[in-house]
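Residue-level listing of the chains:
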Amino acid sequence: MITHILIAVSCLSQSAPARDAVQPPAVAPGRSLPASASPVADSRGKAGIPTLVAPDARPDVILKDLVFAEGPAADAAGNMFFCDFSAGSVWQVTRGARGFEARRIVDESNGCVGLEFSPAGRLYSTQFHTGRIVELVLADGGPAGMRVVVDRYGGESRPGVNDLVMAPDGGIWFTNTGDPRRVHRRGAYYSTIAGAEPIQHKTPIQRPNGIALSPDGSTLYVVDAGAPVVWSFPVLGPGQLGDPRAFADLAVVGDPKKVKGGDGVAVDVLGNLWVAVPLAGAVVVFDPQGQPLGRVMLPEYPSNCAFGGADGRTLFITARTGVYALPTIVEGLWAAKGGKPTVFVSPAEAAAAAPALPSDIPPPPPPMQASPAFQAPAAPGGKQEPGTGSSSPGQPK
């Protein structure tokens with residue numbers, strides 16, 4: 001759960017104007033969000049967020065015992081998929097009459113960290129370790145395969161790709177967070193699902209992370225993981241960006257030295273941004289003008305969030321070892337919403353999609369040991385919370 005390009009695909013290999021000299025402008029002090037006894041509170045500290053979240057709504061953990069949950073994404077029907085980044089796995093979540101179930105669809109993801117469905121029903125992912133954008137070829141009842149979409153660019157592999165969002169024109173915007181030794185790789189990028197050479201936008205963002213588009217596709221948002229700022233860019237055309245603007249101040253939820261930066265981001269149909277701020281333990285909601293509307297507190301560091309559910313009114317939040325679900329009043333927005341059903345192929349066809357790793361990068365680290373099963377939390381008195389499941393992934397309830 002992160003560029004400049006011309007309209008013609010044949011021009012995608014041209015370089016984007018560098019913005020290395022651009023200094024990040026100071027963010028105007030925003031309204032600090034007051035403390036509240038409620039896990040969901042508005043800008044005045046009152047329970048709920050008017051027109052967005054009911055006063056009695058709570059983020060409930062639906063899956064736990066993960067290693068590092070990341071990259072939630074919904075398909076056209078609102079079914080949720082997510083990554084367990086440190087365990088090297090990808091999961092499919094379904095909700096039945098007895099609660100949520102999870103099925104592991106990828107065992108060795110090579111660092112899949114961000115997910116996004118296209119309106120055509122295909123699932124794409126950023127591979128942090130390889131620097132690739134891949135399509136996860138979903139199998140009907142079996143493990144998924146992978147098809148490389150974006151591989152080398154600028155003549156090299158670029159590990160560090162982080163998050164992605166599908167553009168209305170069918171392209172893919174994505175971020176590269178990079179590392180201190182390869183700061184030239186950081187930025188926002190644009191490519192196509194046909195695998196055209198990506199073009200990099202060098203920006204004033206210290207560590208580009210979460211990425212999203214406004215409902216009309218006219219504005220690109222990028223969350224800085226190295227500073228408490230959300231940036232916005234006018235989208236001038238397919239792959240073309242205007243000048244950056246500091247859009248929102250994440251320090252409204254705490255000391256900027258402690259907050260440091262943000263992570264993943266979701267957008268609702270009203271154009272509000274829901275931004276995960278890990279070190280604040282919160283998802284902060286901003287209106288389309290960048291003003292804070294409220295926040296959702298989590299018992300763990302949130303990494304990302306995405307809307308889904310059958311009616312589009314569930315915010316799924318990945319937060320280190322758990323996945324949480326928050327019922328909302330407002331409908332969410334995501335690329336696949338209203339699109340075609342998820343594409344599934346035969347297990348044999350999926351198994352045939354297994355690309356080799358790039359030769360110019362070190363092998364990815366071995367996956368950390370994941371817990372063998374998810375367990376839903378028990379309510380006081382030993383009763384199971386409504387709407388949660390307690391079976392092992394993939395087991396019938």
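Residues numbered from 1 in each chain as written. Predicted model: local features only at pLDDT ≥ 70, side-chain atom pairs only at ≥ 80, totals over all residues. Heavy atoms only, no water.

Draft legend 1. The nonpolar core, seen in detail. Counting residues in each nonpolar core, the largest one holds 52 residues, and the members touching the most others are Leu136, Trp274 and Leu315. Discounting chain neighbours no more than four positions away, the residues touching Leu315 are Ala266, Trp274, Val283, Cys305, Ala306, Phe307, Tyr324, Ala325, Leu326 and Thr328. Judged by nonpolar contacts, the second largest core, of 19 residues, contains Phe247, Leu250, Val265 and Val284. (Core = buried A, V, L, I, M, F, W, Y, C linked by side-chain atoms within 4.5 Å. Buried < 20%, exposed > 50% of the residue type's maximum accessible area, 1.4 Å probe, protein only. Contact = heavy atoms within 4.5 Å.)

Draft legend 2. Fine view of a nonpolar patch on the surface. Nonpolar side chains collect at one region of the surface, where Val269, Leu270 and Leu333 lie side by side and expose about 230 Å² of accessible area between them. With respect to the helices and strands, the residue Val269 is situated in the loop between β20 (265-268) and β21 (273-277). Residue class for Val269 comes out partly exposed when judged on its relative accessible area of 37%. (Patch = residues over 30% accessible without salt bridge, like charges linked within 9 Å, V, L, I, M, F, W, Y side chains within 5 Å. Areas by Shrake-Rupley, 256 points an atom, 1.4 Å probe, with all protein chains shown as cover. Salt bridge = Lys/Arg side-chain N within 4 Å of Asp/Glu carboxyl O. Helix = DSSP H or I, 4+ residues; strand = E, 2+ residues; numbered from the N terminus.)

Draft legend 3. Up close: the layout of surface pockets. The computed volume of the second largest pocket comes to approximately 340 Å³. Every residue lining the second largest pocket is counted, 18 residues in all, and those nearest its centre are Phe68, Arg207, Asn209, Ala225 and Asp263. Split into classes, the residues belonging to the lining of the second largest pocket amount to 8 nonpolar, 5 polar and 5 charged. (1 Å grid on protein atoms, 1.4 Å probe; cavity = no way out; pocket = protein on both sides within 12 Å on 5 of 7 lines; lining within 4 Å. Points joined across faces, edges and corners; volume = space filled by probe spheres on them. Nonpolar A, V, L, I, M, F, W, Y, C, P; charged D, E, K, R; others polar.)

Draft legend 4. Representation of the sheet that holds strand β9 (residues 132-137) within the structure. Here we have 4 strands laid out as an open sheet, ordered β7-β8-β9-β10, and antiparallel in their pairing. Of all strands in the sheet, those with a lone pairing partner are β7 (112-117) and β10 (145-150), marking the two edges. On average, each strand axis in the sheet is inclined to that of its neighbour by 30 degrees, with strand direction left out of account. Bridging between β9 and β10 involves 5 bridges; their strand directions are antiparallel. Bridge pairing in β10 links Leu136 to Met146. (Pairing = 2+ DSSP bridges. Axes fitted to C-alpha atoms, helices over the stretch in contact; angles between N-to-C directions.)

Draft legend 5. View of the pairing of strand β15 (residues 208-213). Of all 6 residues in β15, 6 are buried, a share of seventy percent or more. In the sheet, β15 pairs with strand β16 (residues 219-224) via 4 bridges, with the strands oriented antiparallel. For Pro208, the partnering residue across the bridge sits in β16 and is Asp224.

Draft legend 6. Looking closely at the sheet that holds strand β27 (residues 332-333). The 6 strands lie next to each other as β1-β23-β22-β21-β20-β27, forming an open sheet whose pairing is antiparallel. A strand with exactly one partner marks an edge of an open sheet, and here the two such strands are β1 (40-42) and β27. Relative to β27, β20 runs antiparallel, the two being bridged by 2 bridges. The partner of Val267 across the bridge, within β27, is Leu333.

Draft legend 7. Expanded view of the confidence of the model for the chain. Per-residue confidence for the chain gives a mean pLDDT of 84; residues scoring 70 or more make up 82%. A low-confidence stretch, residues 1-28 stays under pLDDT 50, and its non-local contacts, those more than four residues away or across chains, total 83 contacts. Scored below 50 in pLDDT, residues 370-397 shows 61 contacts in the model against residues more than four places distant or in partner chains. (pLDDT = per-residue confidence, 0-100.)

Draft legend 8. Region of interest: the environment of Ile105. Counting through the fold element by element, Ile105 comes out in strand β6 (residues 99-106). Put simply, Ile105 and Leu138 are 33 residues apart on the chain and 7.8 Å apart in space, counted from C-alpha to C-alpha. In this structure, Ile105 is in contact with Phe81, Val90, Trp91, Gln92, Leu138, Pro143 and Ala144, ignoring residues within four places of it in sequence.

Draft legend 9. Summary view of the pattern of salt bridges. Summed over the entire model, instances satisfying the criterion amount to 9 salt bridges. Where salt bridges share partners, they join Arg122, Glu135 and Arg147 into one cluster.

Draft legend 10. Representation of the side chain of Asp287 in the model. Looking at the secondary structure, you find Asp287 in the loop between β22 (282-286) and β23 (292-297). Looking at Asp287, its side chain comes within polar contact range of the main-chain nitrogen of Gln289, at 2.8 Å. What Asp287 contacts, discounting residues up to four positions off in sequence, is Phe247, Asn272 and Leu293. (Polar contact = N/O pair within 3.5 Å; in protein donor to acceptor, adjacent residues only side chain to side chain.)

Draft legend 11. Region of interest: the packing of aromatic side chains. Using the criterion set out here, one finds 10 aromatic pairs in the structure. A ring pair is formed by Phe68 and Phe85, whose centres lie 6.1 Å apart and whose planes are at 85 degrees; its orientation type is edge-to-face. Linking Phe68 in the loop between β2 (60-63) and β3 (69-74) with Phe85 in the loop between β4 (80-84) and β5 (89-96), this pair joins segments that are 17 residues apart in sequence. Judged by relative accessible area, Phe85 falls into the buried class, the value being 17%. When the ring of Phe100 is compared with that of Phe316, the centres are 6.3 Å apart and the planes differ by 85 degrees; the resulting orientation is edge-to-face. Of this pair, Phe100 sits in strand β6 while Phe316 sits in strand β25 (residues 314-319); the two residues are 216 residues apart in sequence, bridging distant segments of the chain. Under the relative-accessibility criterion, Phe100 is labelled buried at 7%. Under the relative-accessibility criterion, Phe316 is labelled buried at 4%. Grouping aromatic residues by their ring pairs yields a cluster made of Phe68, Phe85 and Phe128. (Phe/Tyr/Trp six-rings, centres within 6.5 Å; stacked < 30°, edge-to-face > 60°.)

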